[in-house]
Amino acid sequence: MTRKVTNIVAYLTPLGWILAYLAGDKDNCRFHLNQSLVIMISSLVLSIGSKVIITVLAFIPILGWLVAILLGIASGLMGLGLAVLWLIGLFGAIQDNERPIPILGGFQVLK
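The structure displayed is predicted, hence computed values, not measured ones.

Student: Could you give me a rundown of the overall build of the protein, with the residues and numbers involved?
Tutor: What the protein contains, in helices and strands, is four helices and zero strands. In sequence order, the protein lays out its α and β elements as α-α-α-α. Here the protein has a C-alpha radius of gyration of 17 Å; the compact-globule value for 111 residues is 13 Å, and the former is much larger. With the C-alpha coordinates aligned to their principal axes, the bounding extent of the protein is approximately 55 × 25 × 20 Å. Looking at the protein residue by residue over its 111 residues, the buried ones come to 32%. Sequence-distant contacts in the protein: of pairs separated by 6 or more residues, those separated by 24 or more amount to 58%.

What follows is the structure in structure tokens.
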């Protein structure tokens, strides 16, 4: 795969990321591979973490239920924010631009 195709495929799905990492030009595409991986890990942590906390809070009458509802709303908004960051990263890959995504762009998973 060429550099641009590898960058774009890395953002599409987790399977696309694995394909881009294994079959793509990973030496020249490390930036977008890392950005995409950070977004995927953040999404996974948000999804699992919020579900666990909401499940625990659901056992606490009234106050726990209210906090669980508010946490569910906050989790949904953060998920929407991650979707926006994903789009920013994908458009950067399409334009072959290596500008870090806001908030999460400074994290390095791949060395």
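What follows picks up the thread again.
Student: Tell me about the packing of helix α3 (residues 30-57) against helix α4 (residues 63-94), and please be specific about residues and values.
Tutor: Between α3 and α4, the shortest axis-to-axis distance is 10 Å and the interhelical angle comes to 170 degrees. As judged from the angle between their axes, α3 and α4 are roughly antiparallel.

Student: Lay out the pattern of salt bridges in plain terms, naming residues and giving numbers.
Tutor: In this structure the tally under the stated criterion is three salt bridges. Taking the shortest distance from any N to any O, the salt bridge between Arg 3 and Glu 98 comes out at 2.7 Å. Placement of Arg 3 in helix α1 (residues 3-12) and of Glu 98 in the segment after α4 is noted, with a sequence separation of 95 residues between them. The class of Arg 3 is partly exposed, set by a relative accessible area of 28%.

Student: Lay out α3 in plain terms, naming residues and giving numbers.
Tutor: With 28 residues, α3 should cover 40 Å at 1.5 Å per step; its first-to-last C-alpha distance of 40 Å lies within 8% of that length. Within α3, the full set of buried residues consists of Phe 31, His 32, Leu 33, Asn 34, Gln 35, Ser 36, Leu 37, Val 38, Ile 39, Leu 46, Ser 50 and Leu 57. Each element contacted by the buried residues of α3 is listed here: α1, α2 (14-23) and α4.

Student: Can you break down the side chain of Ser 50 residue by residue, with the values?
Tutor: You can see Ser 50 is positioned in helix α3. Overall, the relative accessible area of 9% leaves Ser 50 in the buried class. Once residues within four sequence positions are removed from consideration, Ser 50 is found in contact with Val 45, Leu 71 and Ser 75.

The rules behind the values
- Residues numbered from 1 in each chain as written.
- Predicted model: local features only at pLDDT ≥ 70, side-chain atom pairs only at ≥ 80, totals over all residues.
- Heavy atoms only, no water.
- Helix = DSSP H or I, 4+ residues; strand = E, 2+ residues; numbered from the N terminus.
- Rg over C-alpha atoms; globule rule 2.2 N^0.38 Å.
- Buried < 20%, exposed > 50% of the residue type's maximum accessible area, 1.4 Å probe, protein only.
- Contact = heavy atoms within 4.5 Å.
- Axes fitted to C-alpha atoms, helices over the stretch in contact; angles between N-to-C directions.
- Parallel < 35°, antiparallel > 145°, perpendicular 65-115°, else oblique.
- Salt bridge = Lys/Arg side-chain N within 4 Å of Asp/Glu carboxyl O.
- Expected span 1.5 Å × (residues − 1).

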